[in-house]
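Each chain, written out:
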Amino acid sequence: MTEVPLDLNVNGRRYRLSVPAHATLLDVLRDELEQTGTKTNCLEAECGVCTVVLDGKSVASCTVLAAQCNGRSVTTIEGLAEGQNLHPLQEAFVEMGAVQCGYCIPGMIMTAKAFLDENPRPTRDAVREAIAGTLCRCTGYSKIVDAIMVASQRLSQQGERP
Amino acid sequence: MDVVFLEPQSLEDAIAMAQSAGPSAKFIAGGTDLIIQARKSGTWPKTIINLQRLPGLGEIVEAAPNWHLGALVTHRQIESDARFLGSLLALRESACVIGGHQVRNVATIGGNICNASPAADMLPVLLCLNAKVTLAGVAGARVVPLCEFIEGPRKTVRAIGEVVTQVQFAAPAARSGSAFLKGGRRRAMEISIVAMAAVVSAGADGTMTDVRLAVGAAGPKAIRLPEVEKFLEGKVPSKSVLQEAGALAVSAVSPIDDVRASASFRRHLTAVYTRRAIETSWNRIVELGNDRSAA
């Protein structure tokens, strides 16, 4: 098997790996690094459940070759909380009851994270459009959108503090 | 499975690598088509050549009236480029309905045209803009009109060892409007049942002068509809004119039945979207005129 070297920053920690040339970013996160917060589902970039943030942009990790990520930085759901303190998005999802079975939530939160980083105070419609590529089969999305709106308010208030 | 992964740092290297690797090699950019196709078919290319490190292919450059879109420009870059207004608004409208943010963040215009899906959403718009494709190969560069570049479903004129480096087009006349319409069961994450693009220019006499109309997902490849264009030129888009244009468009398409829609529904949508695309483009010219007179 032909392997390629991979120098990857995951959640602020640097890994130097050797991975099969056809391995996806999802394969490497889950199987090599055992960071299983990122979920496997459709494997065709239809459901968004495997979403991670790659160099600041949301991507479906099932359709990105790990080899293409050499020298790049990934943030996964494991990288959001600081110790015991949940990220405002995670907190808002809990508070608003946005989580039912939970399977889509890591991908949903990472989709929202990348979106809010670029659009700190979005409209509700913009949030709905932003998560269109991330499917939840439980909630009907209302509470997910509520949670992202709440998180956006808190995050931008935090940002405004001196 | 034994895949060799190559990372050229220059265009010349990419061409040389593809030349020596032969037909079992594939270029990768965003990867959103290649990886899914390889996984589904169980057949991976023997060699994957990563184009993402090539310098200078990721920019949108305006050299009025011409636009140059590097092959590595992503759908997200196109949809968020506020310079695409008026006659170029349809480009943003087509880029923003492809997949979700995750796909649009990585999927490239070069990949979209090389994959040559009959349902590729940007193709009808690019056809309306008379887009041309630049290919770089061992013998140098050549420029091919997009309508000739795509030969059929998943088939292009690109030869082994040739890299698509850019897509270019000239902005239509000032008094022009454009529209892109996509038919699907829902608004997000859909593969088009029918996609329609129009660019319409208004003449001094208040009629449509330059009319361009293209349809996707209604045949083996996206096509312009010259009979409809000719019929509309010199006319005002009245209800009866649009009705007739819709009927003409239907006779020019050759849709199939598949899991997404029947051929007859696709024909129906072709008529409806012809009317709407022309009308919307036209109304957008009028809006532009009103804005100017108000200002």
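Computed from a predicted structure; not experimentally measured.

Undergrad: Could you give an account of the sheet that holds strand β5 (residues 66-70) of chain B, naming the residues involved and the relevant values?
TA: Residue and element names in this part refer to chain B. Taken in spatial order, the five strands make up an open sheet running β4-β5-β10-β6-β7, and their pairing is antiparallel. Each edge of the sheet is formed by a strand with only one pairing partner; in this case those strands are β4 (60-63) and β7 (140-145). Ignoring strand direction, the axes of neighbouring strands in this sheet form an average angle of 25°. With five bridges connecting them, strand β6 (residues 132-137) and strand β10 (residues 163-170) associate as antiparallel partners. Across the sheet, residue Lys-132 finds its bridge partner in β10, namely Gln-168. Seen against the sheet, helix α1 (residues 11-21) touches β6 and β10 and runs at an angle of roughly 125° to β10.

Undergrad: Can you lay out the interface of chain A and chain B for me, pointing to particular residues and giving the numbers?
TA: Facing the 27 residues of chain A at the interface are 24 residues of chain B. Mapped onto the side of chain A that touches chain B, the elements with two or more residues apiece are β4 (57-60) and α3 (105-118) of chain A. If you tally residues by element for the side of chain A that touches chain B, the top one is β4(A), at four residues. In terms of residue class, the side of chain A that touches chain B is made up of 13 nonpolar, eleven polar and three charged.

Undergrad: Describe in detail helix α10 (residues 239-252) of chain B, supporting the description with residues and values.
TA: Residues and elements named next belong to chain B. Between its first and last C-alpha, α10 extends 20 Å over 14 residues, near the 20 Å set by a 1.5 Å rise per residue. Of all the residues in α10, the buried ones are Leu-242, Ala-245, Ala-249 and Val-250. Looking straight down α10, one finds its buried side chains confined to an arc of 140°; they lie on one side. Summarising the geometry of α10, the exposed residues directed more than 90 degrees from the buried face are Ser-240 and Ser-251.

Undergrad: Let's hear about the pairing of strand β3 (residues 47-50) of chain B: which residues, and what values?
TA: All names here are of chain B. What you see with β3 is no split at all: Thr-47 and Ile-49 on one side and Ile-48 and Asn-50 on the other are buried throughout. Bridge analysis of strand β1 (residues 4-6) against β3 gives three bridges, and the strand direction is parallel. Residue pairing across strands places Phe-5 opposite Ile-48, the latter belonging to β3. Alignment of strand β2 (residues 25-28) against β3, held across four bridges, turns out to be parallel. Across the sheet, Ala-25 pairs through a bridge with Thr-47, a residue of β3. Read from β2 through helix α2 (residues 34-41) to β3, the crossover connection turns out right-handed.

Undergrad: Which residues make up the confidence of the model for chain B, and what are the values?
TA: Residues at a pLDDT of 70 or more form 96% of chain B, whose mean pLDDT is 92. The ipTM value of the predicted complex is 0.94, and its pTM value is 0.93.

Reading guide: rules and limits
Residues numbered from 1 in each chain as written. Chains lettered and ligands numbered in written order. Predicted model: local features only at pLDDT ≥ 70, side-chain atom pairs only at ≥ 80, totals over all residues. Pairing = 2+ DSSP bridges. Helix = DSSP H or I, 4+ residues; strand = E, 2+ residues; numbered from the N terminus. Axes fitted to C-alpha atoms, helices over the stretch in contact; angles between N-to-C directions. Contact = placed C-beta atoms within 7 Å. Nonpolar A, V, L, I, M, F, W, Y, C, P; charged D, E, K, R; others polar. Expected span 1.5 Å × (residues − 1). Buried ≥ 20, exposed ≤ 12 C-beta atoms within 10 Å, placed from the backbone. Arc of directions from axis to C-beta. Right-handed = clockwise from strand over helix to strand, strands pointing away. pLDDT = per-residue confidence, 0-100.

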